[in-house]
Amino acid sequence: MIEVRDLRKEYGGFTAVEGSTFSVDAGEVYGIIGPNGAGKTTTLKMLAGLLEPTAGDVSVAGHDAGTNEMRRRLGFLPEESPLYEEMTPLSYLGFFADLYDVDDGVADRRIHDTLDELDLEHRERQLGDMSKGMKRKVAIARSLINDPDVLVYDEPASGLDPLTTNYVIDFTSSLAEQGKTIVFSAHNLYHVESICDRIAIMNEGRVVAQGPLEDLQAKHGETEYHVFTTVELPGSVQENGRYRTVVDSMDGVEGVRTDAQNAEGSVVDIRTEESSLEEVFLDLAESGAKT
Amino acid sequence: MNPRKLLRIARWEITKNAGGVDRRTVVVGALALLAVGVAAPYAATSGVTVDSGIYRAGVTNSSDYYPVVAEDPTFAVREPSAALGQDIDLRFDGLAIDGAPTSKAAAAQTELRSSVRAYNNRQMRQEENQSAAFPVQVSLGYAERTQVREVISTSAGQDSTGGEGSANGTQGGGNGTDGEPTARNGTDGTVSGGGGENIGDAASSAGGVGGIAGRLAGGNASGTPADISPPFPFQSLVLAFLFVLPLNFIIQAYGSTMLSERLKRRGELLLVAPVSRFDIIGGKTLPYLSAAVGIAAVIAAALELPAVDPVSVGISVLAVTPIALLFLGATFVGAMFARSFKELTFVTVTVTVSLTTYAFVPAIFTDAGAIALISPLTIIVRNLQGQAIGLGEIAFSLVPPLLTAGVLFTLGAGIYREEDMFTQRSIPLKTLDALAARVRGKWTVGLTTALLIPFVLVAELLGVAVLYMLTLVFPIEISVPMVLVVVVVIEEAAKSLHVYAGYTHRRFGSGLRPALVIGTFSGLGFFLAEKLSLIIQLVGLPQQLPSSQALFATGTGLPTIPLAIGLLLAPLALHVVTAAISAVGASRNKRAYATALVVAMAIHFVYNYAVVSISGLI
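Residues numbered from 1 in each chain as written. Chains lettered and ligands numbered in written order. Predicted model: local features only at pLDDT ≥ 70, side-chain atom pairs only at ≥ 80, totals over all residues.

### Focus on the overall build of chain A
Then comes step 1: The helix and strand tally for chain A stands at 10 helices and 14 strands.
Then comes step 2: Looking at chain A as a whole, 43% of its 291 residues qualify as buried.
Then comes step 3: By sequence separation, contacts in chain A at least 24 residues apart represent 67% of the contacts at least 6 residues apart. (Helix = DSSP H or I, 4+ residues; strand = E, 2+ residues; numbered from the N terminus. Buried ≥ 20, exposed ≤ 12 C-beta atoms within 10 Å, placed from the backbone. Contact = placed C-beta atoms within 7 Å.)

The following block contains the structure:
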C-alpha cells in the first residue's frame, strides 16, 4: 500500500531524512519511533505529499505522493491540530468533505457517525472554545472525512491527558481493525508496542532498524536467562527458597546446570527475559547503529 | 485549477468568520456600509451644507430680494413682521434692508452681498447676448514649463516667467463665456474670467478666490497676475481618492487572512486536501477582489446618480480590477514573506504607500500627458469627467498592472507550500524558492525572465529617479555611468537570479551545455520581452509618449536594413551572452555565480557605455 524508496530530504544544507526505504502492506499498522529530530515528522509529511522529497520515491495506494489521486486515498493527522477556531466542528468537517468531493448526504452521515464514535458533543460550539482533547477528536474526524485507505498520524496522542490518550490510541487501534493502513509516529513506545505490526526506528534521518517487534528484539535486543537452582551457586540470588542465576546464553544455562549437579543440586526452572522496545530504541539511538 | 473548489474555498473564506458575528450585526454593518458608499461620493462631490438656514431673513414674496434669499440655502425666509433681533436677523422693506444690531446680522449682510453677486451673475448668464452681458473676457492658459532649471534660476532674482508660457485659451475645454460651471474642466488649465463666481471651486482657485480647492492649491485672495497659480485638480483628487481608499482597507483584511493561514499551521490541512495551491489562493483572494470591484461599482454608480450609465460603471470596474489585483498581489507576496503580524504591518504599509502613490498621483493630474495613463485610476477619472478614452489607452493603462499582479501572485504561489509557509525560513531562501517554483526547464526560464520585465522597468525607473539628483551635483561624465551601473545590475540580476534559484533546487541538468542553453533562453526571453514592451508603447500611444516622439522626431525616417539588423542583433547578442555567463556560474555554486554575475555586469556596462558614447550623450 505504501512504498518508500531511498527517500531523502534536505533543508538548505541540512539533511533531515537520508536514504529511508520501507514499505507498508495493506491493513498493516506501521509505527515510526525515534528521538527528537530523527526525521519522523519529515518522513510522514513526505508520505502525505506535504513536502517534496529532495530525492527518492514515495507512492501511496499506487499513486505518487502529492497527486490529487493520492490525497483522496489518504487521511493525515499532523502533530498539532491546526483548526480554524472560528468554525464549528460541523462547518469545519463539512468544508473539508466538500474539498474531498464527498456527497453531501454521505458527508453528513459520516460526520455524525465519526463524531459519535469519538464521543464528541457540542458540535455547534466554536472550535476555539473547545479543549485540546476535543480539538484532537475533531482533527481525527477530519482525517477520516474521505474514508481513506491510508492514515498517516503524527503523534496522534501528543499533549493529551492519559484518559484522552488511551481513547485516541484505542480509536486508532479500532481503525486498524477496520482494515485501514496506518503509519504513525509516537514518543510513547508502549502505544507503538501495543498496536503496531511493524516498527521502524529512525535516528539522525535514517531508518536504523525495522521489522516486527519480536525481530527487533531478537536482532538488536538482549535475552537474559534466569536459571533457578536448588543449591546456591556463585553469583546466585536467593528468591523464595530457590537460587536465581542470570546468564545471557544457552551455553551459560548449561554451565549453571553443570555447576548445580556438581553441587548435588538441580535446575528447577528457566525463564527468559527479552529487551523491551524502549531498551532496543535506547540502545540503537545511543549507538547510532545502521542497518 | 478547479473552479468549483475555488468557489467553495471563496465561500468558506466569507463564511468562516460568520460564527463570531451575529446576523443582526452583519445586517447593520452592511446597511452602514451601503449608506457610506452612497453618501460619501455625494458628500464629496456636492459638499455638506452645515450652514443651512443659519440667517433668518424677513422678506415677502413680492420683494426684489426674495429670489436672492430664497435661492441661498444659508438664509431661512421668515415673515418681515417678526421681531428684528429676536426672530429675524434682516428685514427687507422694498429696497431698504434693516439689520439687527448684532454681529450675526452683520455676517448675514456680508453673505447677502455674496448672494446678490451670485444671483446677478446667474441672471447675466441667462442673457441671450452674452457679449453684452460680459463685454470683457480674459482667458488664462497654463503651459508646461519646458526648461525648469532656467525658470527656477530666473524666478529667484527676477520677475517670474512661469506663467508666461503661451497663454492658450484653446487648451482644455474650459470656457466661461458659455456660463456653464467648469468644475469638471478645472484641471484643464484654462480659466475664463468672464463667467463670474459660479465657475467652480477648482477653476476659481486659479484666481485665488478661495474655497477648499483654492486653499489646497495654495491660492490667495490678491488675484494679481503674478500670484495666479494653475488650478488644482480638486475633482480628480477626490475621484481618485474615492476609488483608491477602499483598497487600503481591503488589503489589511486580506493580508491578515493570508498570514493567519501560516500561523499555528492552520493552512497545513488545506495543502493536504485534493486541491491545488492555485485553488486555495484564488478562493481566498476572490472575496476580497469582489469586494474591491463591488465597492468601485457602487461608488461609480453613486457618482452618476440619478442617471447611472452602465457602460461608464463598467469602465470603472474594468479599470479598478487590475489595480485591485495589484494591491492584492503585492499584499499576498508580502504576507507570504512576513514572519509575524508585526512584519505584515510593515508590508501592508509599504504596499499602501507605494501603490497608492502609483495609482493616486497620476490620476490627479490626468492631463499631465500620456504618462498619467500609467495608473488605471486615470481611466476612471477621465471616464467620470466625460472624456473620451481610446482602447489603446485602456490597454496601456491596464495591462502592465495586470501583468505585474499576475507575476506577483505567481511568485507568491511558489512559496505557498509547507516548508516556506510554516517555517522561519530566511527571506533570501524564500525568494529563491519563489523563483525556483516557476522554472522547470529552458522554456520556463525564458518565460520567467520575460515576465520579470515589468519589475525591471519599475526598478530602473526608481533607480534613475533616485539618481537623477546626481545630475545636478556631478558632471554628466560621472552621473550617467552611475545610472548605467544601476541599470546593468538590475537587468543582469533579472536574467540570472531565477536561473541560480533553479540550480539550487536541482531543476536543471549539470554541465556546461545545459547551462549555456538555459542562459541563452533567459537572454532571449529578456530581449523579446523588452522589445515587445517597447513596441506596445510605440504602437499603443504613437503620438503621446516621449519615447515615441523622440523616435519619430529624428527626421531620418526608417533606419537602413543593415542598421536595423545591427540595432536588433547587438542587444540580442548582449543579453544572450551575459545571461549565459551567469548561468554557467550559477550551475557551479554560489561563489561562481557571484563571480560570473560580476563579469556579465561588466560586459553589459561596457556595451551600454559604448552605446551612450556613440550616441553623443557623454
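### Digging into the environment of B:Arg266
Then comes step 1: With respect to the helices and strands, the residue B:Arg266 is situated in the loop between α9 (234-262) and α10 (268-272).
Then comes step 2: Residues B:Arg266 and B:Phe422, 156 residues apart in the sequence, show an inter-C-alpha distance of 9.2 Å.
Then comes step 3: Those residues in contact with B:Arg266 that sit more than four places away from it in its chain are A:Pro82, A:Tyr84, B:Ser260 and B:Glu261.

### As for the interface of chain B and chain A
Then comes step 1: In this assembly, 20 residues from chain B lie in contact with 25 residues from chain A.
Then comes step 2: Elements represented by at least two residues in the side of chain B that touches chain A include exactly α1 (3-15), α10 and α16 (418-421) of chain B.
Then comes step 3: Among the elements that make up the side of chain B that touches chain A, the one with the highest residue count is α10(B) (4 residues).
Then comes step 4: Looking at the side of chain B that touches chain A residue by residue, the class counts come to 8 nonpolar, 3 polar and 9 charged. (Nonpolar A, V, L, I, M, F, W, Y, C, P; charged D, E, K, R; others polar.)

### Some points on the sheet that holds strand β5 (residues 63-64) of chain A
Within a sheet, neighbouring strands are paired by backbone hydrogen bonds and run either parallel or antiparallel to one another.
Residue and element names in this part refer to chain A.
Then comes step 1: Here 4 strands make up an open sheet; going across it, the order is β2-β1-β4-β5 and the pairing antiparallel. Each edge of the open sheet is held by one strand with a lone partner, namely β2 (14-24) and β5.
Then comes step 2: Bridge analysis of strand β4 (residues 55-60) against β5 gives 2 bridges, and the strand direction is antiparallel. The residue bridging Val 60 from the neighbouring strand is His 63, located in β5.
Then comes step 3: Against the sheet, helix α1 (residues 40-47) contacts β1 (2-11), β2 and β4, and its axis sits at roughly 120° relative to β1. (Pairing = 2+ DSSP bridges. Axes fitted to C-alpha atoms, helices over the stretch in contact; angles between N-to-C directions.)

### Let's talk about the nonpolar core
Then comes step 1: Counting 181 residues, the largest nonpolar core has A:Leu47, A:Val152, A:Val183, B:Phe243, B:Phe327 and B:Leu377 as the members making the most contacts within it.
Then comes step 2: With 14 residues, the top contributor of residues to this core is helix α12 (residues 310-337) of chain B.
Then comes step 3: The contact partners of B:Phe243, leaving out residues within four places of it in the chain, are B:Ala296, B:Ile299, B:Val320, B:Leu377 and B:Ile380.
Then comes step 4: Within the second largest apolar cluster, 13 residues are counted, among which are B:Ile88, B:Leu90, B:Ala108 and B:Leu112. (Core = buried A, V, L, I, M, F, W, Y, C linked by C-beta atoms within 7 Å.)

### Quick notes on the confidence of the model for chain B
All names here are of chain B.
Then comes step 1: Mean pLDDT over chain B works out to 76, with 75% of the residues at or above the 70 mark.
Then comes step 2: Taken together, the stretch residues 147-224 has pLDDT below 50 and engages in 164 contacts with residues farther than four places along the chain or on a different chain.
Then comes step 3: This model gives residues 542-557 a pLDDT under 50, and the stretch forms 10 contacts once residues within four places in sequence are excluded.
Then comes step 4: Model confidence for the complex is summarised by a pTM of 0.70, with the ipTM given as 0.79. (pLDDT = per-residue confidence, 0-100.)

### A word on the pairing of strand β7 (residues 150-154) of chain A
Residues and elements named next belong to chain A.
Then comes step 1: In terms of burial, β7 is a largely internal element, 5 of the 5 residues being buried.
Then comes step 2: Burial of β7 is two-sided: the residues Val 150, Val 152 and Asp 154 facing one way and the residues Leu 151 and Tyr 153 facing the other way are all buried.
Then comes step 3: Sheet topology places strand β6 (residues 74-77) next to β7; 4 bridges connect them, and they run parallel. Counterpart to Leu 74 in the pairing with β7 is Val 150.
Then comes step 4: When β7 meets strand β8 (residues 181-185), the two strands line up parallel, connected through 5 bridges. Pairing of Tyr 153 across the sheet is with Phe 184, part of β8.
Then comes step 5: Considered for its hand, the β-α-β crossover made up of β7, helix α6 (residues 162-177) and β8 is right-handed. (Right-handed = clockwise from strand over helix to strand, strands pointing away.)

### Section: α1(B)
Residue and element names in this part refer to chain B.
Then comes step 1: The first and last C-alpha atoms of α1 sit 18 Å apart over 13 residues, in line with the 18 Å expected at 1.5 Å per residue.
Then comes step 2: Taken as a whole, α1 has its buried residues at Lys 5, Leu 6, Ile 9, Ala 10 and Trp 12. Taken around the axis of α1, the buried residues stretch over an arc of 160°, which confines them to a single face. Opposite the buried face of α1, at more than 90 degrees from it, the exposed residues are Pro 3 and Arg 4. (Expected span 1.5 Å × (residues − 1). Arc of directions from axis to C-beta.)

### Side note on the sheet that holds strand β1 (residues 55-58) of chain B
All names here are of chain B.
Then comes step 1: Pairing is mixed in the open sheet, where 4 strands are placed in the order β2-β1-β3-β4. In the strand order of this sheet, the two ends are held by β2 (75-78) and β4 (96-99), each with one partner. Sheet twist, expressed as the mean angle between neighbouring strand axes with direction ignored, is 25°.
Then comes step 2: Looking at chain direction, β1 and strand β3 (residues 90-93) are connected through 2 bridges and run parallel. Residue pairing in the sheet places Gly 58 in a bridge with Arg 91 of β3.

### Here's the deal with α1(A)
Residue and element names in this part refer to chain A.
Then comes step 1: Counted residue by residue, α1 has 8 buried out of 8 residues, so it is predominantly covered.
Then comes step 2: Every buried residue belonging to α1 is among Lys 40, Thr 41, Thr 42, Thr 43, Leu 44, Lys 45, Met 46 and Leu 47, and all of these are buried.
Then comes step 3: Note on α1: the residue one or two positions beyond its end, Gly 49, has a positive phi of about 80°.

### Comments concerning the packing of helix α11 (residues 277-304) of chain B against α12(B)
Residue and element names in this part refer to chain B.
Then comes step 1: Where α11 contacts α12, the two axes come as close as 9 Å, and the packing angle between them is 145°. Here α11 and α12 pass one another in a crossing that is right-handed. Along the contact surface, α11 presents Thr 285, Tyr 288, Leu 289, Ala 292, Val 293, Ala 296, Ala 297, Ala 300, Ala 301 and Glu 304, while α12 presents Ser 312, Val 313, Ser 316, Val 317, Val 320, Thr 321, Ala 324, Leu 325 and Leu 328. (Left-handed = near helix turned anticlockwise from the far one by under 90°.)

### Re unusual backbone geometry
Then comes step 1: Positive phi values are uncommon outside glycine, yet A:Asp119 reaches one of about 60°.
Then comes step 2: Here A:Asp119 lies in the loop between α4 (104-117) and α5 (132-143).
Then comes step 3: Not every positive phi belongs to a glycine, and B:Arg506 is a case in point at roughly 55°.
Then comes step 4: Assignment of secondary structure puts B:Arg506 in the loop between α21 (476-504) and α22 (512-540).
Then comes step 5: On the basis of neighbour counts, which here come to 12 C-beta atoms within 10 Å, the residue B:Arg506 falls in the exposed class.

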